[in-house]
Amino acid sequence: MAPAEGTDPVLTDRLLLTPIGIEHSDDLERLYSDPLVDHWTGPWTPLDVRAWAQDMADRWASDGVGKWVAHDRSDGTLVGRGGLSRVVLGDKTVLEVGWVVRDELTGRGYASEIGRAALGWAATFFPDFPVVAFTEVHNLASVAVMRRLGLESSGVIYREGLVEGQPGLHARAPFALYRQVPTDRASP
Ligand SMILES: CC(C)(COP(=O)(O)OP(=O)(O)OC[C@H]1O[C@@H](n2cnc3c(N)ncnc32)[C@H](O)[C@@H]1OP(=O)(O)O)[C@@H](O)C(=O)NCCC(=O)NCCS
């Protein structure tokens, strides 16, 4: 069942998804110190993490949408983070859906579960906004989640990130862009 307010926590089969606030800085520091997570999303300092958590709190307050922290709903274990951010892409405002799962918990469908919850949430609370996802073209695990969610490849965009085979961050790294297929095209 959809939550009454967009800022309410969301329950999925296995997860409790809570809008990120500054109080989640410690959880996020733990998440971002996992090697694979750090590789794809870092580098992070403790100050960066707090600033990112504060930015998410501000986004929830001003945009009415932001990322969630994900915990196992049965025992409270930290699973990851994900969900939506309002971003401007070209001349369009869109919702970007993303996911990050603790290294030791990948391969269990949690990213897809977060992504599915985000698509449902967007359809309820921001039905007029297109939903997109993007990741470095060689982040195959993340691209696989996009496909699993039924998103459609929509070309390549360039933004700061990793370039395969080259160290460090690059100002114009190629990112695979995926879009949610409009419902009138999805259903025959
Ligand atoms: C990208 C990332 C989130 C993908 O995580 P993931 O665990 O591969 O993705 P999912 O959670 O959807 O798991 C899917 C796998 O779990 C398996 N699975 C197990 N139980 C499942 C269940 N109950 N439901 C669905 N899938 C399940 C699926 O079969 C699938 O395996 P496959 O890869 O062999 O097809 C993860 O690699 C990560 O956090 N990376 C670092 C951060 C990052 O890159 N984030 C993206 C930035 S854009």
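Residues numbered from 1 in each chain as written. Predicted model: local features only at pLDDT ≥ 70, side-chain atom pairs only at ≥ 80, totals over all residues. Heavy atoms only, no water.

Going by the annotation in an unreviewed UniProt entry, the name recorded for the protein chain is N-acetyltransferase, with Desertihabitans brevis given as the source organism.

(A) Inspection of the pattern of salt bridges at higher detail. The final tally for this structure, using the stated rule, is 5 salt bridges. Residue D27 pairs with R30 through a salt bridge whose shortest N-O separation is 3.0 Å. Taken as a pair, D27 and R30 lie in helix α1 (residues 25-32) at a separation of 3 residues, close to a single helical turn. By relative accessible area, D27 is classed as buried at 15%. Between K67 and E96 there is a salt bridge whose closest N-O contact spans 2.8 Å. Here K67, found in strand β3 (residues 67-72), pairs with E96, found in strand β5 (residues 92-101); they are 29 residues apart in sequence, far enough to count as distant. (Salt bridge = Lys/Arg side-chain N within 4 Å of Asp/Glu carboxyl O. Helix = DSSP H or I, 4+ residues; strand = E, 2+ residues; numbered from the N terminus. Buried < 20%, exposed > 50% of the residue type's maximum accessible area, 1.4 Å probe, protein only.)

(B) Structural context of unusual backbone geometry. The linkage connecting G42 with the following residue, P43, adopts the cis geometry, with an omega of 0°. Locating P43 in the fold gives a position in the loop between α2 (35-41) and α3 (46-63).

(C) Molecular detail of the site of the ligand. Around the ligand, a shell composed of 21 residues is seen, among which V101, G107, A111, S112 and N139 lie nearest. In the environment of the ligand, an oxygen atom lies 2.8 Å from a nitrogen or oxygen atom belonging to the backbone of V101. When residues of the shell around the ligand are traced back to their parent elements, those giving at least two are α2, β5, α4 (110-125), β6 (131-136) and α5 (140-148). Sort the elements by how many residues they give to the shell around the ligand and α5 lands first, with 4 residues. By residue class, the composition of the shell around the ligand is 11 nonpolar, 7 polar and 3 charged. (Near = heavy atom within 4 Å. Polar contact = N/O pair within 3.5 Å; in protein donor to acceptor, adjacent residues only side chain to side chain. Nonpolar A, V, L, I, M, F, W, Y, C, P; charged D, E, K, R; others polar.)

(D) Here's a closer look at the sheet that holds strand β4 (residues 78-89). Taken in spatial order, the 8 strands line up as β1-β2-β3-β4-β5-β6-β8-β7 in an open sheet, and their pairing is mixed. Among the strands making up the open sheet, the edge pair consists of β1 (10-11) and β7 (152-163). One ladder, built from 5 bridges, connects strand β2 (residues 15-19) with β3; its direction is antiparallel. Bridge pairing links L15 to D72 in β3. Of the strands in this sheet, β3, β4 and β5 touch α1, which is tilted by about 95° from β4. (Pairing = 2+ DSSP bridges. Contact = heavy atoms within 4.5 Å. Axes fitted to C-alpha atoms, helices over the stretch in contact; angles between N-to-C directions.)

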